[in-house]
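Structural characterization, general
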Amino acid sequence: MSHFLVVILLFALLALVFGLILGYAAIRFKVEADPIVDQIDALLPQTQCGQCGYPGCRPYAEAVANGDAINKCVPGGEPTINKIADLLGVEPPQGEGPVAAPVKKVAFIHEDRCIGCTKCIQACPVDAIVGAAKLMHTILRQECTGCDLCVDPCPTNCIEMIELPQTPDTWQWELARIPVKVVDKHE
Amino acid sequence: MAFSLAISPHSHSQQTTGRLMRLVLLALLPGLITQWFLFGWGVIFQLLLCGATALATEALVLRLRQRPLTPLFDSSALLTASLLAVALPPLAPWYVAVIGSAFAILVAKQLYGGLGQNPFNPAMVAYVLLLVSFPGDMTGWLPAPGLAEFSVALPDAASAIFTGFTPDGYSVHQLKLAADGTTMATPLDTLKTGLKQGHALADIQAGPTFSHWAGAGWQWINLAYLMGGLFLVATGTIAWQIPVGLLLGLGGAASLAWGLAPDHFALPTLDLFSGATMLGAFFIATDPVTAATTVRGRLIYGLLIGLLVFLIRHFGGYPDGMAFAVLLANIGVPLLDKLTRPKAYGEVR
Amino acid sequence: MNSLLEQIRKGKLWDFHGGIHPEEHKQLSSQTSLLEAGLPPLLVLPLKQHIGSPAELCVQVGDRVLTGQPLTAPSSPMQVPIHASSSGTVVAIEEHTVAHPSGLSEPCILIQTDGQDSWRPRDPWPDYAERGNDELLARIHQAGIAGLGGAGFPTDIKLKGAQAYAQREPLPLLIVNGCECEPYITADDRLMRDEAAAIVEGITLLQQILRPQLTLIAIEDNKPEAIAAIRAQVKNAHTLVKVLPTKYPSGGERQLIEILTGRQVPSGKPPSEMGILVQNVGTLYAIRQAVVEDEPLIRRVVTLTGDRLAQPGNAWVRLGTSVRWLMQRFGLDPEPGQRVIMGGPMMGFTLPHADVPVVKTSNCLLAPSQRSLPSRDEEINCIRCGQCAEACPASLLPQQLYWYSKAGELDTAEQYRLFDCIECGACAWVCPSNIPLVQYYRQAKSQLRNQRQEQAQAERAKQRFADKQQRLEEERLERDRRMQAANEARRAQLKDAGGEDPVAAALARIKAKQAAQAVPTVAEDPIAAAVARAKAKKAAREAEAPEVTPAATADDALANPEASPASEAPAADPRQAAVAAAIARAKAKKAAREADAPEVTPAATTDDAPANPEASPASEAPAADPRQAAVAAAIARAKAKKAAREADAPEVTPAATADDAPANPEASPAAEAPAADPRQAAVTAAIARAKAKKAAREAAADNSAPPVPPSSKESD
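Residue numbers restart at each chain and count upward from 1, following the sequence in its written direction. Chain letters and ligand numbers both follow the written order, the letters beginning at A and the numbers at 1. Thresholds applied to this predicted model are a pLDDT of at least 70 for local features of residues and 80 or more for the giving and counting of side-chain atom pairs; totals over whole chains, interfaces and linings are not thresholded and use all residues.

The helix and strand inventory of chain A stands at five helices and four strands. Helix numbering and strand numbering both begin at the N terminus, where a helix is a DSSP run of H or I of at least 4 residues and a strand a DSSP run of E of at least 2. What you see in chain A, going N to C, is helices and strands ordered as α-α-α-α-β-α-β-β-β. Three exposure classes are used, based on other C-beta atoms lying within 10 Å of a residue's own C-beta, which is placed from the backbone: buried for 20 or more, exposed for 12 or fewer, and partly exposed in between. Counting only residues that meet the buried cut, chain A has 28% of its 187 residues in that class. Contacts here follow a simple rule: the backbone-placed C-beta atoms of the two residues must lie within 7 Å. In chain A, 56% of the contacts between residues at least 6 apart in sequence involve partners at least 24 apart.

Set out below in structure tokens:
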């Protein structure tokens, strides 16, 4: 009888000890998990373009966290899909949705055609267009995310998405693509 | 006026991989000649067999992979073949050499992507394959000159390698016999077997396979490789840290063991100048592809191999352990490189 | 630090990790003394020749400029001005290929020289010893001096960094960099030999500003003449000439500091944090010229070398001189596949063509032959030999950086200190596998920088998006609040008035409001009216029978006079009438569209006429706005004109313009001429264009061949 008690006591003691260890570990090594929505949001390009069908990047991040398809981000293109797939540990969907890394573009207002209707200003999700009613508008190039949203509302079709020209500052040493022994261009 | 474009630096040392490989081959010569002198023409045949097979395999694989054949001329396959050839017993049958070098190039090197991509030393991978596949053929070395009952001439070696018998009808097994009719083994093998059978160390070392400080004949081979190795270090072809680390590791462990138990462990010189020690230290462990690349990493890598060689020789099942030690250390290379990253200029850690 | 200075004084030298010894080839250009390259007919001056941003342009095309005259005016310290290198006329300000490895273009000022080289008024300061530090630093900034050693960092910022240190505690070290470790280049060597006195005066100047405890002039031992020349000029116990063993890259700022002090500059920090300032001899010369002679940075010494040049040597070259001109002057005999390298063989870059200007950082133009500098062989697999790590002066692991850069694992590459790489090229020089290692690092670095910029931008976009959402929300709440307040006020008022049933009154009010609303909201904007008209037109066009178009436009013409007369009625608002007409027309069009038979269109348009008068009385608007009427009239006119144009029959035009005539006098005097308000006309045109485009797009969607919008001609 007594060794029954001993056994019970022993196990109770063990349970207590392990419980304490676990409890300590739970507090001491608590992981402040970055909520998945934030992580997904961080991967999205933040163009706030709404082409995914959600009003902005964060809502789409929330939707993805709740199980929506991960391939709806047009400006992010394939790189973003792959990153989200990586993050969520799923296979990137094949052959549908946006593909290929998109070229970075910004909106450009053809000023001779702008009538100052402010429609694009209202459409811009990041307030990258300045102007007032009946006055010419212009794009803040540094703030433009290239989301395309201002193009359709324009009644005079004066907004065009243009590729940013390459400058020595943005050049990425693509010289390596040129073989060292180039065709003899010598005159 | 349009000009050609090029990327800087426009100047180059004109050092090439091929040249490095050929320097190593050149440095192998003294050891090779000593081996030829001691064990006869067998080693030359092994060299030719291995070289031809390796080159043919490399050409075949490159063709299959639809790559240009230029890597054939960088001599790296030839070097792998040579290292394997000098590690094979001189009268090992021809198929051993062929299988070994084909395996080294095909599996250990090209399957990983060719030069520079293989994590394990191809020559040693092949050696280990042969060792476990053909234990009999791989352990029998000829007795050192003066100890052998029969001398092996050029036609004898050729015939023995390709048919298993000399023109006079002696089998390879017979050729391996010592003057006293016992089967001849390498000094390290003799030592291991002797100790296992309970003989006293002094008695074993009194035997004919031993000189007074190392194995008979083998000390000359090791000295020759040491010479070639020093040449490589002097020309900057190999990093000094690996051989230094290896010899320190092996010598240190051996000295310690000898100091603690002189009855069971021979003089450290035996470990340092027997078997494949110098060949391994200067030619095999220093294969840059599979070795660590940082200064400290290389030192640790060398020490690790030295220690492993000592452990395998004295506590493992094989008389020599260079191949296993190198392969085991190869496994640790990525970790070593990661852990030993030097402090960059101005880095604050 | 003091014990360190003591050690330095005693002649102790340290060493840096790695380094290489490439063939020098310096004899080729160092044998002749400095000569004048002369004045080219055209100078091309990039607005930005330094690290930072370009300053504000302050000349115009057509301006005549004098030698030394500033062409840009800095408004911040990171902006460095440029100056006219010689007198002449600004012939263009445009994009031009600049001295950059990309061969891309940047804004440049093109000056046609007049050969006079007449200077702007100068104010030499031989009495610089009496000048204050701020004055001197301002002068250095205004002279446009940026590191002449190659990096092009604004010199006055560097000086101010050191000065800030010197104000806290004495600055221990001023280092004068005369190492010039790159092969082939001898510009500094020659400058030291020929202008030693001026360089030492420049040093004196800096000593005056910074009061360093010790000044070291570091020169590699392969320049004995330069060492002797400088030694002969130095007469100061606190200035030592240090002769360093030749090793590349000892001229790198951080490497030089390690050789001279045995200490390493913390990563990412400027040497001034350690109390050390390093200046290139060329920069010192420029400082001296700027202060003492009031000569801004308009010329520099350029080494012209390489065995394809007939007369290699060093020359004073005006900034902006084209490489073509220099190559002709120094006799380039190009071989097939000739390379011309700006900078040295280790860190220089090849020029795509000869129309590239010499800038502040161009220290060398190298035209080597294939024999002396063979083209790089093809890259082969890395064998992990580790020679690169042995050569690396920054103690990096070039091989690991290479693997990670190549594999696109940029974050890991960064952990391996990618950004501590100084791109000296030592690793690629030793690599037996011919791997262009530096190229991989440069690409990885620029990718990382771009990534980082994109991240920052995404973060900002996120913030701005959130801000906008918040603003909209606040606006909505504010509107709701106002509306509620107004409602309550009204209800209270009604209550006060008493008697009436408030609900009935509200209903009545709502009704009235609705009735009124239809007009004001639409009519407010003449543009809206125009839109309606444009829509009508589009409908007509959509009928897609080309012969219908004249009819539709005729309809416009018809509608217009109808609208205009309405303005005759004193109480009626012509504007509203027009609107109503447009709406009616649009409705009619819609009906027509639904019928979808082209022959219906004329009928629908005829419908307009009766609809109009009915619409007009409905609108009992307050006072007529003469201006609006004018606008409407103008629009109508524009339409008519356009209709005429579209009809494309010349004989229609008179009719349309005739149409104008009656419209005009009826409109208020504000609209004096048909062209009175071109803006409005443009607007209408634009709208019409937009509509047409949309129609075209729709048509394209229908798989029919996209019709050419009639307006496309005008838009150009």
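What follows picks up the thread again.
Below, the discussion takes up the overall build of chain C. Check the secondary structure of chain C and you find 24 helices and 18 strands. Among the 716 residues that make up chain C, the fraction classed as buried is 50%. Long-range pairs, those at least 24 residues apart, make up 73% of the contacts in chain C with a sequence separation of at least 6.

The next point concerns the sheet that holds strand β16 (residues 341-342) of chain C. For two strands to pair, DSSP has to find at least two bridges joining them. Strand order in the open sheet made by the six strands is β1-β15-β14-β18-β16-β17 (chain C), with mixed pairing throughout. Edge strands, defined here as strands with exactly one partner in the open sheet, are β1 (35-36) and β17 (349-350) of chain C.

Moving on, we come to the UniProt feature "binding site: [4Fe-4S] cluster 1" (unreviewed entry) in chain A. UniProt positions are given in the numbering used here, feature names are shortened, and annotations may be inferred rather than shown by experiment. As recorded in UniProt, the sites labelled "binding site: [4Fe-4S] cluster 1" (unreviewed entry) are Cys49(A), Cys52(A), Cys57(A) and Cys73(A). Across 25 residues of sequence, these annotated residues stay compact in space, with a maximum C-alpha separation of 9.1 Å. For Cys57(A), the position within the fold is in helix α3 (residues 57-65). If near-sequence neighbours (up to four positions away) are discounted, Cys57(A) is found in contact with Asp41(A), Leu44(A), Gln46(A), Gln48(A) and Lys462(C). Structurally, Cys73(A) can be placed in the loop between α3 and α4 (77-88).

What follows is about the pairing of strand β8 (residues 88-97) of chain C. Residues and elements named next belong to chain C. For strand β5 (residues 64-65) and β8, the ladder comprises two bridges, and the chain directions are antiparallel. If you follow arginine 64 over to β8, its bridge partner there is threonine 89. Relative to strand β9 (residues 105-113), β8 runs antiparallel, the two sharing nine bridges. Paired with glutamate 95 across the strands is proline 107, a residue of β9.

Take the interface of chain A and chain C next. If you look at the interface, chain A gives 29 residues, while chain C gives 31 residues. Taken together, the residues of the side of chain A that touches chain C break down into 12 nonpolar, 12 polar and five charged. Basically, the charged four are Asp, Glu, Lys and Arg, the nonpolar ten are Ala, Val, Leu, Ile, Met, Phe, Trp, Tyr, Cys and Pro, and anything else, Gly included, counts as polar.

So, about the packing of helix α6 (residues 196-210) of chain C against helix α9 (residues 281-292) of chain C. In helix packing, the relevant descriptors are the interaxial angle and the interaxial distance, both defined with respect to the helix axes. Residue and element names in this part refer to chain C. Axis definition: a line fit to C-alpha positions, over the contact stretch in the case of helices; interaxial angles, taken between N-to-C directions, run 0 to 180 degrees. Closest axis-to-axis distance for the α6/α9 pair is 8 Å, and the angle between their directions is 80°. The angle between the axes of α6 and α9 places the two elements in the roughly perpendicular class. When α6 is examined against α9, the residues Ala198, Ile199, Glu201, Gly202, Ile203, Leu205 and Leu206 are found in contact with a partner set consisting of Val281, Leu284, Tyr285, Ile287, Arg288, Val291 and Val292. A breakdown of the residues in the contact of α6 with α9 according to their chemical character gives 11 nonpolar, one polar and two charged. An angle below 35 degrees is treated as roughly parallel, one above 145 as roughly antiparallel, one from 65 to 115 as roughly perpendicular, and anything else as oblique.

Turning our eyes to something else, we now look at helix α1 (residues 17-39) of chain B. Residues and elements named next belong to chain B. Taking 1.5 Å as the rise per residue, α1 with 23 residues should run 33 Å; its terminal C-alpha atoms sit 32 Å apart, in good agreement. Note that bend, as reported per residue, equals the angle between axes fitted to the 7 residues terminating at that residue and the 7 residues originating from it. If you look at α1, its biggest bend is around 35°, right at leucine 29, and the proline proline 30 turns up within four residues after that. Residues of α1 that are buried: Thr17, Leu20, Met21, Val24, Ala27, Leu28, Gly31, Leu32, Thr34, Gln35, Leu38 and Phe39. The span one expects for a helix is its residue count, reduced by one, times 1.5 Å.

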